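Structure at a glance
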Amino acid sequence: MIVRIRSPDGTARFDLAESEPVDTLIAKIAESAPSLDPDTLAISNQPRGGETSLETLRGRTLGDLGIKHGDLLFASSAPRTSAPAPAAAPTAAAASPAATPSAAGAKPWQAIDEAPVDVYWSKKDGRIGRTGKDAPSRHKGNLNTLAIEPYDTNYHKEHQIKHLSFHAYLRKLHDKNPPTSSVASLPPLSEPSFKYMQWVPAAITLGVQEFRMVDHVEFSSPAMIENLLNFWRATATQRFGFLLGRYEPYDKVPMGIKAVVEAIHEPPQEGELDGLTLGLPWEDQARVEALARDAGLEVVGMIYTDLTQAPGESAPQCKRHQDSFFLSSLETCFAAKLQLANPTRTRHSPTGTFQSRFVTCVLSGTPEGGVDVAAYQVSAQGAALVDADIVEPSVEPGTMRLRESVKGRYVPDVFYRYKNKYGIDVKQYAKPCFPVEYLLVNLTHGFPVEPNPLFLSSRFPIENRPGLHDQSVDKLVSLLSPLVKDLPGVAYLSPEDVGVSSSSGKGKGRTEDAGRVEELRRVLSDWHLVAWLEESGLFSKDDVKKFMHVATAHDDPHALEGVVSTDGWKTLMHIVKERSAPTAQPHDYPGAFGGGDDVDIPPEAFDSAAAGGGAGGLSDEDEAAIQSLMAFGGFPYESAKEAYLACDRNSEHAANLLFENAF
């Protein structure tokens, strides 16, 4: 049979038999194409992409590979390494430091320190193994059964994946340029720029972005979303927070990336019924970001609520849908500016940065009457339009408005495409307004099947919620007092008591102490608590880092020892001891739920609450119910706990008791 091989050296024809080994083909290609490196030879049945190393096919015959008479194959290889030049006496130019590569300075993209998830995918080929009737075991060595490329169009359609992942898109760009190409070593990415400089920008046609920087947003615990909902339930106003997390590989999409959210930090803000007022950057931003880095986290995005309730209705209104808008033009401009301020470091862009992985999440009502999260990013075109000051928010939330050209700002013609009712592709002039959807990229979101959050507790009040959740030393003392009281190694019962491991005793007592230590570790594993400690004035920056280690290093049995040995902890334990006065009797504690002297709560209710034990006797479900009561009515923790225990852990009855005696 005749097999044609096309290479940079031209097209060669070989007369081969199906029974001949691949080694024969390798030898003939190396002989006819001297520019190729015989050690890295690869073939494909298409000009770009799908290359398979011939080294991996040794031992097979041409018939095994499905090669037939008349087939045209494309050969390529990695750039051939040049032979070392003979040693020579160094010249003045060679000896000059400026002539060495290191002194000359690396190009911008070569000095970039990429994120761990990018390093991970750069070492993978991303190809997808075939299954079913096309599995390699059924047709061993056939080229049509080789692994699928991560950017394969048919695979994405079959699995209903709308966008390529960032690294699948990168692989597609690289495969367009074989290793022998003169541009193969150059960064393939380029970002659109519509700014007016020495040239007039060409007309812009908006289209759906082929890829997305992040494929999925994963909230490590539903409690984070519940805390935002509780704020709205208690105040009927909106809330904003920054998402703190990390980026990890996502296996539901070829070469995918997911943003794993571990905490939500709420900056100072003023909530309103239909919006909020926010100032960025806020005063404490640098400290919070540094603390997040100590936990191995970074700011991965933002989330805010958009919840309203019609009079007489129990479910939130569904305002965001396909007939209205998903992300308003004002929100899109705001998201684009935050993305521009947080670019992604990459070695595949000439500038060393490319777009952003900053995500935008909205918590709003659904058509079914529930509440759900929607996640988005602004496309590269959208961010470039905002950066060039070409667009501005419109009065209609679902449309973006084009600005007028003025001196120093030229606004080019902008078009967008859509299909009319007859299915015909129409190119529409975007002036004066166009749909916001042309600038958005949708992301998926969800929760892990087996939650394993980094922070185990959310009992401490959340920051910047004055009047609803006030952070104070008193709150910390009331939280820790039941856990550290008379606890050896923690409460500092004597000057010699300096370590958690110093607790003594046998049997039941020692077991109870160990249980309280574990519960203490769990309570301290709280982002909002650790973020507040430095503001409290009790602990230094180094002390706070030790607290963060306790909060995140769940497998380190000695982490707590570093905390209890600090001067700040000793001071805190003295405060706990001073404020742990004997518990008042029920008849000596009028107004326990916020009322005055005229409040008449049955003594047996206090007896039942006291019998329920302290924080150490509460389960996670109990703590969640108490937190809900606090958020629902703005009640103090102790009042909500006592009412909950007095009502035999019935949240509805506890809420009634609290309202009856507090208002």
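Residues numbered from 1 in each chain as written. Predicted model: local features only at pLDDT ≥ 70, side-chain atom pairs only at ≥ 80, totals over all residues. Heavy atoms only, no water.

This part is about the overall build of the protein chain. Within the protein chain, the secondary structure is distributed over 20 helices and 24 strands. Looking at the protein chain as a whole, 46% of its 663 residues are labelled buried. Once local pairs closer than 6 in sequence are excluded, the contacts in the protein chain between residues at least 24 apart make up 68%. Roughly 33,800 Å² of accessible area belongs to the protein chain as shown, and the carbon and sulfur atoms make up 51% of that amount. (Helix = DSSP H or I, 4+ residues; strand = E, 2+ residues; numbered from the N terminus. Buried < 20%, exposed > 50% of the residue type's maximum accessible area, 1.4 Å probe, protein only. Contact = heavy atoms within 4.5 Å. Areas by Shrake-Rupley, 256 points an atom, 1.4 Å probe, with all protein chains shown as cover.)

A word on the nonpolar core. Of all hydrophobic cores here, the largest spans 79 residues; its most connected members are Phe434, Trp527 and Trp569. If you tally residues by element for this core, the top one is helix 11 (residues 473-484), at seven residues. Among the nonpolar cores identified, the runner-up in size contains 28 residues, and Met224, Ile257, Ala259 and Val373 belong to it. (Core = buried A, V, L, I, M, F, W, Y, C linked by side-chain atoms within 4.5 Å.)

Attention now moves to unusual backbone geometry. With the exception of glycine, the majority of residues adopt a negative phi angle, and the majority of peptide bonds are in the trans configuration. Omega for the bond connecting Leu280 with Pro281 falls within 30 degrees of zero, at -10 degrees, which places this linkage in the cis form. Along the chain, the position of Pro281 falls in the loop between strand 13 (276-278) and helix 8 (285-294). In this model, Lys431 is joined to Pro432 through a cis peptide bond whose omega is 5 degrees. Mapped onto the secondary structure, Pro432 falls in the loop between strand 22 (425-429) and strand 23 (433-435). Despite not being glycine, Gln160 has its phi angle at roughly 55 degrees, a positive value. One can find Gln160 in the loop between helix 5 (153-158) and strand 6 (164-165). What makes Gln160 exposed here is its relative accessible area of 75%. Not every positive phi belongs to a glycine, and Asn464 is a case in point at roughly 60 degrees.

Here the structure, examined in full by the defined rule, presents 16 aromatic pairs. Both rings, one in Phe219 and one in Phe447, keep their centres 6.0 Å apart while their planes meet at 40 degrees; by these two values the pair is tilted. Within this pair, whereas Phe219 is found in strand 9 (residues 216-219), its partner Phe447 is found in the loop between strand 24 (440-446) and helix 11, the two being separated by 228 residues in sequence. On the basis of relative accessibility, which here comes to 41%, the residue Phe447 falls in the partly exposed class. Centre to centre, the rings of Phe460 and Trp532 are 5.2 Å apart; their planes meet at 40 degrees, and the pair counts as tilted. With Phe460 in the loop between strand 24 and helix 11 and Trp532 in helix 13 (residues 527-536), this residue pair connects regions lying 72 residues apart in the sequence. Note on accessibility: Phe460 and Trp532 belong to one class, buried. The ring of Tyr247 is capped by Arg357, whose NZ or CZ atom sits 5.8 Å from the centre of that ring. Between Lys427 and the ring centre of Phe415, over which it is positioned, the NZ or CZ distance is 4.9 Å. (Phe/Tyr/Trp six-rings, centres within 6.5 Å; stacked < 30°, edge-to-face > 60°. Lys NZ or Arg CZ within 6 Å of the ring centre and 35° of its normal.)

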